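Tertiary structure, described
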Amino acid sequence: MESCMASGIHAVVCESPDEVARLEEIAGREEVPVLPRINPDFHTKESAPAVGGEPRRFGIDADVLRRSRELVIGLRRVRVHGFHAYMGTRFLNADALVHNTREILAPADESAERLGIELRTVDFDVAYCEDEKDLDLEATDAGINDVVAPFAKAHPGCLLINELGRCLAATCGAYVVRALYVEESMGEQFVIADGGTDHHIAAVGIGGFVKRNFTIRSLTRYDDKGAHSCTVTGPLCTPDDVIGKKVQLPRGEAGDLLGVERSGAYEAALSEVLERTVTGLTEDVHLFEDLHLDSTSILEILMTLEDAVDPEELDVDDFKSGGTLTGYVLSQQATSGV
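What you see is a predicted model; the values in this text were computed from it and never measured. (Residues numbered from 1 in each chain as written. Predicted model: local features only at pLDDT ≥ 70, side-chain atom pairs only at ≥ 80, totals over all residues. Heavy atoms only, no water.)

**Topic: the pattern of salt bridges**
Side chains carrying opposite charge are able to pair once their charged atoms draw close together. One pass over the structure, following the stated rule, counts eleven salt bridges. Note that arginine 77 and glutamate 24 form a salt bridge whose closest N and O atoms lie 3.9 Å from each other. Taken as a pair, arginine 77 in the loop between α4 (69–73) and β4 (78–80) and glutamate 24 in helix α2 (residues 17–26) lie far apart in primary sequence, 53 residues in all. Owing to a relative accessible area of 11%, glutamate 24 belongs among the buried residues under this scheme. For arginine 79, the salt bridge is made with glutamate 31, and the minimal N-O distance between the two is 3.8 Å. In this pair, arginine 79 is assigned in strand β4 and glutamate 31 in the loop between α2 and β2 (32–39), connecting sequence segments 48 residues apart. Judged by relative accessible area, which is 42%, glutamate 31 ranks as partly exposed. Through salt bridges that share partners, Arg66, Glu110 and Arg114 make up one connected network. (Salt bridge = Lys/Arg side-chain N within 4 Å of Asp/Glu carboxyl O. Helix = DSSP H or I, 4+ residues; strand = E, 2+ residues; numbered from the N terminus. Buried < 20%, exposed > 50% of the residue type's maximum accessible area, 1.4 Å probe, protein only.)

Okay, structure coming up:
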């Protein structure tokens, strides 16, 4: 928080009233503009995973925010300049995005009136998901402009920030891998490449409930119209290092270059795995919230467990706590006799 204030950013997005109060405590003489993040009352079915309309640890419930006038009035160095709202990801339906915009701007207007603040900034999103289908930009543009126009007229001094997610950057780059070798197993062809999870966890599908293939093209045989089913994997010794499952590609060979399209929003970097001793581990300890495990950590757990259990049978709920994960491992071992 101190770094945010020192950097002179436009505003600090706060996830809770406690964060607003904490900023008030550490703020110096300069006014600190904040944008409380709203957890809206509504939910858009197009989003996966959902962020609004359900109990979430992100943001402040809309009804709680509307009842926070006393907190806002009591602030001396922190100033609420507006609101931030993020509804989720994988929106590729223009109607859903227009609906989100309308439902975000309306409570922002109402909350500002109840809190007695002047709206200076409202930050809302247009989230984007790779490669399922293209967003109808003309319909999205026309629909959002129709919603924004009356709001902007009512609040001429308010800055509206529309977050585009990966919508601009995704098509600006491809992740290129080289085929190390090609092999067949029980009638299925595998292309083992020199990259995967270690560079591009989104393509591999870590963090998602369902594996979704990015579009993969042969750059070496770009004009080859022939296609057959093959699975493209990374070099790691784990069944989870799969870039594309049963994708259609020209028949290739070692040395071919393959391009994973719409990868322009990702950098070739991963968070480092926890390098510290974990103490006090009980069945109630939450793996993500308490131990701060990330996608890379989970991958290492999968690699460690793959000789004892089948990682492909794991469900996201098995990683909720030390108890759920231990229970899954013990049940697998009992079934397999390990």
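**What about unusual backbone geometry?**
Positive phi, normally seen in glycine, also occurs at methionine 186, with a value near 50°. Note on placement: methionine 186 falls in the loop between β8 (175–185) and β9 (188–193). A relative accessible area of 90% means that methionine 186 is categorised as exposed. Of note, the phi angle at lysine 246 is positive, near 50°, even though the residue is not glycine. The topology assignment puts lysine 246 in strand β12 (residues 242–249).

**Things to note about α2**
Because an α-helix completes one turn every 3.6 residues, residues spaced three or four positions apart along the sequence face the same direction. For α2, the complete set of buried residues consists of Val20, Leu23 and Glu24. One side of α2 carries all its buried residues, which in axial view fall inside an arc of 100°. Turned more than 90 degrees away from the buried face of α2, the exposed residues are Asp18 and Glu25. Residues of α2 that are buried make contact with α1 (2–7), β1 (12–14), β2 and β4. (Arc of directions from axis to C-beta. Contact = heavy atoms within 4.5 Å.)

**Focus on the nonpolar core**
With 33 residues, the main nonpolar core has Val34, Phe83 and Val122 as its most contacted residues. With six residues, helix α5 (residues 94–115) is the largest single contributor of residues to this core. Discounting residues that sit within four places of it in the chain, valine 34 has contacts with Ala11, Val12, Cys14, Leu23, Val78, Arg79, Val80, His81 and Gly82. (Core = buried A, V, L, I, M, F, W, Y, C linked by side-chain atoms within 4.5 Å.)

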